[in-house]
Amino acid sequence: MPKYISSMTRIYLLSLLATAIALLAGCGERQKEQTVKVGILHSTTGTMASSEEHVIDAVQLAIKEINESNYLPGIKLEAIVRDGHSNETIFAQQAEDLLARQGVAVIFGGWTSASRKAMIPVLEKHDGLLFYPVQYEGAESSPNVVYTGAAPNQQIIPAVYWAMKDKGAKRFYLVGSDYVFPRTANEVIKDQIKALGGEIVGERYLPLGSEDVEEIVANIKESQPDFILNTINGDSNVAFFRALRAAGIESKDVPTMSFSVDENLLKSMGMEKHLLTDDYAAWNYFQSVPTRENRRFVDNFKKEYGEDSVTSDPVEAAYSAVYLWAEAVKKAALDKESITVEMTQPNVVLDELGNRSFQAPGGIVFIDPQNQHIYKTARIGRIKQDGQFEVEWQSDAPVRPAPYPIFRPMESWDEYLAMLKKGWNGQWSAPPE
């Protein structure tokens, strides 16, 4: 301090400084107290664990980035992670725990459509909000769900059209796990192939997690399709492709288009991933997408989880979902100096979701306010020996989501889903035999 300031003045100024420091410290404490719990609900055990555990990583990475960058000033996100055990009933129970007892503001979770549908009544009961990151069969638009994965017109329908028009396929064999997504997706596929003059030469299902694939593969060989359309989920894919090759059914002769095989599943196959070389998968994102945002995302993901970690479509969709939610929270706090816990509540976020956008790793995505699905770029990739994908085709622009496939009226899809559920004793997957 300058020498001409008196001792009393010095004492007074130091007192003011000490008070200011104390107030700032108090503000910091109050800011730390503004903690918002968010739920992460995926399978870390069971047949879906190999796919879902990496989606947990994506959500946690986004949460870490948001917290460290002060993306949401005034609050800190705290992740509450729960295991769905690859079982739709447990998903519903865990959603109940997260909403009723943990008090989470939002849930990021689910992979199978059975898990999502089991959670919806719980979400409705508690006015909860779910961001669901995986492609699905459509015929749904819940006000309690934001669908950041593909609707049928953003994945399934373009892939079938491409197989017929670009690859000349006419005869198709449908194989899938026995629950609501494969069953309903294949109804969409059958309608489309019939409209385009193609033929379904076989259709078989196996229980989720089953490795009993020999009879199905024998039937494929007998049916002699041009193309296999695969909606098997989880570890069953390993047994399926192993049996295909053992039966002499090779990619070059009868290609397979998969709708749930991604980079992480291929990585989990280790040396056997070569079994899928030159087959195809339809997604909206691949790790190989050459955007600046994706290079940054992949680098950060590897830095966080190890150099051998890989990203995938559900990983990217889950990561983007957290930022889309955060964008809605920021919109609710527009013109405010900080964000309060109240601004993160589901009813507030839902009011701000329409047209929220994010420059995602795979390209810009934004929410359709009419149905809470995401505009997304459709892509088809050919599987390479290293377990990555070479993009063979992509849409010219993000595709507007159409949850209800145009081949049937909305009421017809609702009736079909009701029939499935009734036939499965009120569940969304076939009961064990």
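A brief structural summary. Predicted model, so just to flag it, every value in this text is computed and none were measured.

### Looking at the overall build of the chain
Looking only at helices and strands, one finds 13 helices and 15 strands in the chain. Taking 433 residues into account, the globule formula puts the C-alpha radius of gyration at 22 Å, and the chain, at 24 Å, falls close to it. Projecting the C-alpha coordinates of the chain onto the three principal axes gives extents of approximately 100 × 45 × 35 Å. Classification of the 433 residues of the chain by burial places 57% in the buried group. Considering only intrachain contacts with a sequence separation of at least 6, the fraction spanning at least 24 residues in the chain is 71%. Accessible surface, the chain: about 18,500 Å² in total, of which carbon and sulfur atoms supply 50%. Looking at charge distribution, the chain has the averaged site of its 43 positive side-chain charges lying 5 Å from that of its 58 negative ones.

### Describing the packing of helix H2 (residues 49-69) against helix H11 (residues 313-332)
Across the interface, H2 lies against H11 with an axial gap of 8 Å and an inter-helix angle of 35°. In terms of crossing hand, the pair formed by H2 and H11 is right-handed. Seen from H2, the contacting residues are His-54, Val-55, Ala-58, Val-59, Leu-61, Ala-62, Ile-63, Glu-65 and Ile-66; seen from H11, they are Pro-314, Val-315, Ala-318, Tyr-319, Val-322, Tyr-323 and Ala-326. When grouped by side-chain class, the residues that make up the contact of H2 with H11 number 14 nonpolar, 1 polar and 1 charged.

### Overview of the pairing of strand S1 (residues 35-42)
Among the 8 residues that make up S1, 6 are buried, leaving the element largely enclosed by the rest of the structure. One ladder, built from 8 bridges, connects S1 with strand S2 (residues 76-83); its direction is parallel. By the bridge assignment for S2, Gly-39 is matched with Ile-80. Regarding topology, H2 serves as the crossover connection from S1 to the parallel S2, and that connection is right-handed. Where S1 and strand S3 (residues 107-109) come together, 3 bridges link them in parallel fashion. Bridge pairing in S3 places Ile-40 opposite Phe-108.

### Let's talk about the environment of Trp-162
Relative to the helices and strands, Trp-162 is located in helix H5 (residues 156-165). Judged by its relative accessible area of 4%, Trp-162 falls in the buried class. As for Trp-162 and Trp-393, which are separated by 231 residues in sequence, their C-alpha atoms are 8.4 Å apart. Not counting the four nearest positions on each side in its chain, Trp-162 is found in contact with Lys-167, Phe-227, Met-257, Tyr-280, Ile-380, Glu-392 and Trp-393.

### Considerations on the nonpolar core
In terms of nonpolar packing, the biggest core is built from 98 residues, with Leu-72, Leu-77, Ile-107, Phe-108, Phe-131, Phe-240 and Trp-325 touching the most fellow members. The element best represented in this core is H11, accounting for 12 residues. Discounting chain neighbours no more than four positions away, the residues touching Leu-77 are Val-36, Val-38, Ile-63, Ile-66, Asn-67, Leu-72 and Trp-325.

Cut-off values and rules
Once a new chain begins, its residue numbering starts again from 1 and follows that chain's sequence as written. Side-chain atom pairs in this predicted model are given and counted only at pLDDT of 80 or more, local residue features only at pLDDT of at least 70, and totals for whole chains, interfaces and linings cover all residues. Water and hydrogen atoms were dropped before computing side-chain values, which therefore reflect all heavy atoms in the structure. Secondary structure counts use DSSP, requiring at least four H or I residues in a row for a helix and at least two E residues in a row for a strand, with both numbered from the N terminus. We take the radius of gyration over the C-alpha atoms and set the globule estimate at 2.2 Å times the residue count to the 0.38 power. Buried residues are those whose accessible area, probed at 1.4 Å on protein chains only, stays under 20% of the maximum for their type, while exposed residues exceed 50% and partly exposed ones sit between those limits. Here, two residues are considered to be in contact whenever any of their heavy atoms come within 4.5 Å of each other. The protein chains shown are the only cover counted for residues, whose accessible areas, like all others here, come from Shrake-Rupley with a 1.4 Å probe. Neither His nor the chain ends is counted toward charge; the positive residues are Lys and Arg and the negative residues Asp and Glu. Lysine's charge is taken at NZ, arginine's at CZ, aspartate's at CG and glutamate's at CD. Where helices are involved, their axes are fitted lines through C-alpha atoms of the stretch in contact, as for all axes, and angles between N-to-C directions lie from 0 to 180°. Throughout, a crossing is termed right-handed when the near helix is turned clockwise from the far one, and left-handed when it is turned anticlockwise from it by less than a right angle. Lys, Arg, Asp and Glu make up the charged group, whereas Ala, Val, Leu, Ile, Met, Phe, Trp, Tyr, Cys and Pro make up the nonpolar group; the residues left over, Gly among them, are polar. Any two strands with at least two DSSP-identified bridges between them are counted as paired. We call a crossover right-handed when, viewed with both strands directed away from the observer, the connection leading from the first strand over the helix to the second proceeds clockwise. Buried residues of nine kinds, namely Ala, Val, Leu, Ile, Met, Phe, Trp, Tyr and Cys, make up a nonpolar core once their side-chain atoms join them within 4.5 Å.

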